[in-house]
Structures are given as structure tokens and as C-alpha cells.
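If you want the building blocks of each chain, they are given just below.
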There are 2 protein chains.
Amino acid sequence: MTITITAFESSPDRGRGLARDMRVRWALEEVGQPYEVRLVSFKAMKQPTHLALQPFGQIPTYEEGDLALFESGGIVLHIAEHHPGLLPEDANARARAITWMFAALSTVEPPIVEREAAHYAERDEAWHEARQPILKGRIRDRLDQLSDRLGDADWLDGAFSAADLLMVTVLRRLEGSDILGDYPTLSAYIARGQARPAYKRAFDAQLAVFTATQK
Amino acid sequence: MTITITAFESSPDRGRGLARDMRVRWALEEVGQPYEVRLVSFKAMKQPTHLALQPFGQIPTYEEGDLALFESGGIVLHIAEHHPGLLPEDANARARAITWMFAALSTVEPPIVEREAAHYAERDEAWHEARQPILKGRIRDRLDQLSDRLGDADWLDGAFSAADLLMVTVLRRLEGSDILGDYPTLSAYIARGQARPAYKRAFDAQLAVFTATQK
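Note on numbering: residues in each chain are counted from 1, in written sequence order. The order in which chains are written sets their letters, starting at A; the order in which ligands are written sets their numbers, starting at 1. Given that this is a predicted model, residues contribute local features only at a pLDDT of at least 70 and side-chain atom pairs are listed and counted only at 80 or more, while totals for whole chains, interfaces and linings are drawn from all residues. Hydrogens and water are ignored here; the side-chain numbers use all heavy atoms of the structure.

- Under an unreviewed UniProt entry, the name given to chain A is Glutathione S-transferase family protein, and the source organism is Shinella lacus.

Here it is as C-alpha cells:
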């Protein structure tokens, strides 16, 4: 059955691979599954047709035969459960990898997204500069803990898994900030993820969408 | 094998069932699994023994024989995968329920937690009052979409599942705010969750911890 995902018609990250379709593209590349992409405009994302697939008016979505999913974490886990390569076979190791998937999206990502949201919605407010230490402090708390845990391991828990895929995409949102430079352990971890051939294929595919719209 | 979870020795919510051990207790009650609770102080949560179990210094954790998990979403999914009652048997419906689990924790919960975090960290700042419309607006955007999707259904997607369990606990964090009153659909949804016998047993168990510490 053909797998179809949705992505931004015009990604606000200008092809830097920070939109959440990147996670799904990367997962599909890791397991060697071909997929088609339907591009969605910001206007179309808020219309009933797309909201029926994605109740919060976002991308990506995932369609495969009768199945329709939304939410990048749920989609990546679905892919990982149905194809070898993204979750350990040992039951306990598998449960730990899934727990790290939730940690990436529920514990590490929210303070990172919050800083972005403040930039978009409040950068012209009088308090924006004064709030930066608060916003960065919350992110640093998480990165300190994550860096301590990772130590000199290559991946979060044994072999590369869907948890690393999500965590790397979460941490990449800090690229260009003055925060990541203080975490060489995490920078090296991100680089290991980016060096994977499947990552590169996924990155190139999303960049090609952006490049095509610039012609 | 004995299941042992951790919970706050002294819960900041004063037994209102808003701490994240409530999710795990409720899930275990739904599937009829007994469990033991180890209470952890705020100081002990930041010590190496607990950080080995929970890298971010939080509760709950879950131990069962050789398996140790953290992150309430990962724990609830583990319970749901190993005992009937919290996920549909149909493969597609099961994948959709898991996607809604991620939606509860990654899309709906973050703006709710952000408002709480602003209350704790910034309530004495000059800008706190001026930021309220921004904080509430983000929450309302999500609640509008969730309420539209739920419509007159009892649960998010067919029968009650682990997704509803998580979503109800996420929405309950708004209790006492002036927001939830505008969403009768979601208030009724929360009430359906709270009416479940397993919810009540879990709630009473966590309240008993708080009551015991007040003697």
C-alpha cells in the first residue's frame, strides 16, 4: 500500500529540515519504505479536509490504505513497530526506547518550542529580552540532564533507535542559538544522527521541496 | 513480578491527583494490576540513585523485575501493551489510539504546563498579567480544536483507551482556571473519565498519601 505523508507547501524553516515531516521522512528512509508527499498550504491546513486528518491543523499526517494518523511521535512509532530497524527486539530494551521517545517529545522539546513561540509572538514586547534567561534556563536544565545521561555513549540506550531519531530532531531546533555550543556531548550526538545515510536522504528530500518553490 | 512506581513524598498539588503518578496508578487500576509505591522527596529526586531511574529528576518511575521505565506516557503505553483494556485490538484503531496519546502529551499539554510554569516562575514579574492573554490564547486554540473533534462522542476514538486516560489527566490541570468553563464538551469528557471506578481507586490512593503526611 502506498504511504502518503503531508508537509508544508512553504516551510517556515526554508528547507532546514526542522519541520516535523522530517521525522517521518527519516523514519521511512531508515526502514527503506518509499512514500509520497502531499504539500499543504497554511490556508488548507485549517480547512475541514485537512482537519479531518489532523485535528490541530498541523503537518505531518500519514495515510496508508485505510489507516490515517497524525502527530509525528505516533507516526514514527507506527513505522518502527511495523518495520525492523528502529526499535530493539528485546522487550525491555524496546519499552525503554519508547519511553525515550516520549521523553524527547514531552520533556525535552516543550521548553525549546516555548522559546521559539516567544520569539514569534512576543519579540516586540517590552519584556521579551528580560525573559530570555528564564526561557534559556529551562532549556539548559533539560540539556544538562540529557548530556549527563548520554555521557560518552553514542545513542540514548544501546543501538540507534526511533528515540534517537526524535531526540536529534528535537535538539536540532536549537541550531543557530547560543545554547548548543555549551554542550559538546549533545552536538556530537546530533552530528552522529545527521551522518546517517537515511537522515541525509530525508533532509535532501525536504530541501528539494523548498528549492522547487523558489524557482 | 511486583510493580513499583515512585510518587511525590509531598505532592505540590496537595492530593488533587494532578501529579503524573496519577496516570500510572489509573492505568494499573484499569487493567487490574496491583502495585507498590515508593515515595520520593524533592531532595532525593535530584540524587544519583533516583537520576539513574529518571534522568530528568521527576516522578513517576516504573520498575518491574529487570525493567525500569520513566516518563508517564511511556509507562502507560507499556502497561497498555501488556494487559488488555487500554488499547483496541484492531491494528488501525490501536495505532490511532497511540497517536492520540502523543497528541495529549505533545500538543495539548505543553501550553497548559507553560501557563503553570509562568505562574510559578514569573507571577511577581511586571509582565505576568500582560502575558495572560497570550498564555490562555494558546491553550484555547488547542481546546477549540479538541472540542470540535470530540463533538458528541464519549471518547477520542471509539472505546475508552489509554489516550483518553492521558487526555483527561492533561485537561484536569486546568481545573480551577477560568478556561474550562467555556468548554462544556470537554468538561463532560473529563467527568466521564473521573466517573470510572479505576479512576476513583487511583485518585483515592494518591489522596491517601497526602492525607497521611498531614497527620
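## Notes on the overall build of chain A
- Strands here mean DSSP runs of E at least two residues long; helices mean DSSP runs of H or I at least four residues long; both are numbered from the N terminus. For chain A, the count of helices and strands is nine helices and four strands.
- Ordered by position from the N terminus, the helices and strands of chain A form the series β-α-β-α-α-β-β-α-α-α-α-α-α.
- All radius of gyration figures rest on C-alpha atoms, and the globule criterion is 2.2 Å times the number of residues raised to 0.38. Computed over its C-alpha atoms, the radius of gyration of chain A comes to 17 Å, within 12% of the 17 Å expected for a compact globule of 215 residues.
- Burial classes follow relative accessibility: with a 1.4 Å probe on protein chains only, a residue under 20% of its type's maximum area counts as buried, one over 50% as exposed, and anything between as partly exposed. Taking all 215 residues of chain A together, 56% fall into the buried category.

## Details of the domain arrangement of chain A
All names here are of chain A.
- In this document the domain limits rely on a domain assignment from an automatic tool or a database. Taken as a whole, chain A is organised into domain 1 (3-85 + 198-213) and domain 2 (91-196).
- Computed over C-alpha atoms, the centres of domain 1 and domain 2 are 21 Å apart.
- We define buried area as the total accessible area lost by two parts upon association, computed with a 1.4 Å probe and summed across both. Here domain 1 and domain 2 share an interface that buries about 1700 Å² over both sides, 57% of which is from carbon and sulfur atoms.
- Of all residues in domain 1, the largest losses of buried area upon contact with domain 2 belong to Arg23, Trp26 and Tyr199, amounting jointly to 36% of the total for that side.

## What to know about the interface of chain B and chain A
- When checking whether two residues touch, look at their non-hydrogen atoms; a contact exists if any pair is within 4.5 Å. At the interface, 46 residues of chain B touch 46 residues of chain A.
- Here chain B meets chain A over a buried area of about 4000 Å², counting both sides, of which 60% is carbon and sulfur.
- Of all residues in chain B, the largest losses of buried area upon contact with chain A belong to Phe56, Phe102 and Trp127 of chain B, amounting jointly to 18% of the total for that side.
- The term salt bridge refers to a pairing of a side-chain nitrogen on Lys or Arg with a carboxyl oxygen on Asp or Glu at a separation within 4 Å. The interface formed by chain B and chain A contains eight salt bridges.
- One salt bridge in this structure joins Glu81 of chain B and Arg94 of chain A, with 3.5 Å as the shortest N-O distance.
- Polar contacts, as used here, are pairs of N or O atoms within 3.5 Å; protein pairs need one atom able to donate a hydrogen and one able to accept it. Residues neighboring in sequence count only if both atoms are side-chain atoms. Scanning the region where chain B abuts chain A turns up 18 residue pairs in polar contact (both at pLDDT 80 or more).
- Of all elements in the fold, only helix H3 (48-53), strand E4 (67-70), helix H4 (72-82), helix H5 (91-122) and helix H6 (128-150) of chain B reach the threshold of two or more residues within the side of chain B that touches chain A.
- It is H5 of chain B that provides the largest number of residues to the side of chain B that touches chain A, a total of 19 residues.
- Looking at the side of chain B that touches chain A residue by residue, the class counts come to 25 nonpolar, ten polar and eleven charged. Three classes are used: nonpolar for Ala, Val, Leu, Ile, Met, Phe, Trp, Tyr, Cys and Pro, charged for Asp, Glu, Lys and Arg, and polar for all others, with Gly counted as polar.

## Here's the deal with the relation of the copies chain B and chain A
- In superposing the copies, a least-squares fit is computed on C-alpha atoms, taking residues whose pLDDT is at least 70 in both. Once chain B has been moved 0.0 Å along the axis and rotated by 180°, it coincides with chain A to within an RMSD of 0.0 Å. Expressed as a symmetry operation, the mapping of one chain copy onto the other fits a two-fold axis.
- Of the interface residues in chain B, 100% have counterparts in chain A that sit at the interface too, so the contact is made through matching surfaces.

## Some points on the sheet that holds strand E4 (residues 67-70) of chain A
Residues and elements named next belong to chain A.
- Here four strands make up an open sheet; going across it, the order is E2-E1-E3-E4 and the pairing mixed. Only two strands of the sheet have a single partner each, and these edge strands are strand E2 (36-40) and E4. With direction set aside, neighbouring strand axes in the sheet form an average angle of 20°.
- Sheet topology places strand E3 (residues 61-64) next to E4; four bridges connect them, and they run antiparallel. Each residue of the ladder has a partner; that of Glu63, found in E4, is Ala68. When DSSP locates at least two bridges between a pair of strands, those strands are taken to pair. Between N-to-C directions, angles cover 0 to 180 degrees, with each direction set by a line fitted to C-alpha atoms, over the stretch in contact for helices.

## Examining the pattern of salt bridges
- Evaluation of the coordinates by the stated rule reveals 38 salt bridges over all chains.
- In this structure, the salt-bridge partner of Arg131 of chain B is Glu122 of chain A, at a minimum N-O distance of 2.7 Å. Taken together, the positions of Arg131 of chain B in helix H6 and Glu122 of chain A in helix H5 (residues 91-122) put the pair across two chains.
- For Glu122 of chain A, a relative accessible area of 0% puts it in the buried group.
- One salt-bridge network, held together by shared partners, links Glu114, Glu122, Arg131 and Arg138 of chain A together with Glu114, Glu122, Arg131 and Arg138 of chain B.

## Digging into the sheet that holds strand E1 (residues 3-8) of chain B
All names here are of chain B.
- One open sheet accounts for four strands, arranged E2-E1-E3-E4; its pairing is mixed. Sheet topology places strand E2 (36-40) and E4 at the edges, where each strand pairs with a single neighbour. The sheet shows a mean angle of 20° between the axes of neighbouring strands, taken without regard to direction.
- Here three bridges tie E1 to strand E3 (residues 61-64), and the two strands are oriented antiparallel to one another.

## Points about the pairing of E2 of chain A
Residue and element names in this part refer to chain A.
- Two elements, strand E1 (residues 3-8) and E2, share five bridges in a ladder whose sense is parallel. Looking at the pairing, Ile5 lines up with Val37 of E2.
- Looking down the strands as they point away from the viewer, one classifies a crossover as right-handed if the path from the first strand across the helix to the second runs clockwise. With helix H1 (residues 21-30) bridging E1 and its parallel neighbour E2, the resulting β-α-β unit is right-handed.

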